[in-house]
Amino acid sequence: MTLWVVLGVAGAVVAGSVGWVAWRDRERVSSAEDGRAARAALGDQHRYEAGRHVSQSTVVQWGQHE
């Protein structure tokens, strides 16, 4: 009898832990909006880096003696 009680309690703890982790991670699932926002941010980053690269290369070219 004691063995069945211990196994039942252990099973309840395991099931509760799995259920709690699944419920907690449910909020971490990304939505379609998250993907669009990430792509938009990446595009903004690429445009900024390209503009910075152009402005830096222009400064270097102006500083060179011909």
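Definitions and cut-offs
- Residues numbered from 1 in each chain as written.
- Predicted model: local features only at pLDDT ≥ 70, side-chain atom pairs only at ≥ 80, totals over all residues.
- Heavy atoms only, no water.
- Helix = DSSP H or I, 4+ residues; strand = E, 2+ residues; numbered from the N terminus.
- Buried < 20%, exposed > 50% of the residue type's maximum accessible area, 1.4 Å probe, protein only.
- Areas by Shrake-Rupley, 256 points an atom, 1.4 Å probe, with all protein chains shown as cover.
- Salt bridge = Lys/Arg side-chain N within 4 Å of Asp/Glu carboxyl O.
- Patch = residues over 30% accessible without salt bridge, like charges linked within 9 Å, V, L, I, M, F, W, Y side chains within 5 Å.

(A) Region of interest: the overall build of the chain. Assigned secondary structure in the chain consists of 2 helices and 0 strands. Counting only residues that meet the buried cut, the chain has 2% of its 66 residues in that class. Accessible surface, the chain: about 6200 Å² in total, of which carbon and sulfur atoms supply 64%.

(B) The arrangement of the pattern of salt bridges in detail. According to the stated counting rule, one finds 1 salt bridge in the structure shown. Between R47 and D44 there is a salt bridge whose closest N-O contact spans 2.4 Å. With R47 and D44 both in helix 2 (residues 32-63), this residue pair falls 3 residues apart, about one helical turn. By relative accessible area, R47 is classed as exposed at 55%. A residue is classified by how much of its surface remains accessible, and D44, at 45% relative accessible area, is partly exposed.

(C) Main features of a nonpolar patch on the surface. Together, M1, V5, V9 and V13 make up a nonpolar patch on the protein surface, roughly 430 Å² of accessible area in all. Here V13 lies in helix 1 (residues 2-25).

Coordinates in, geometry out; function isn't part of it.
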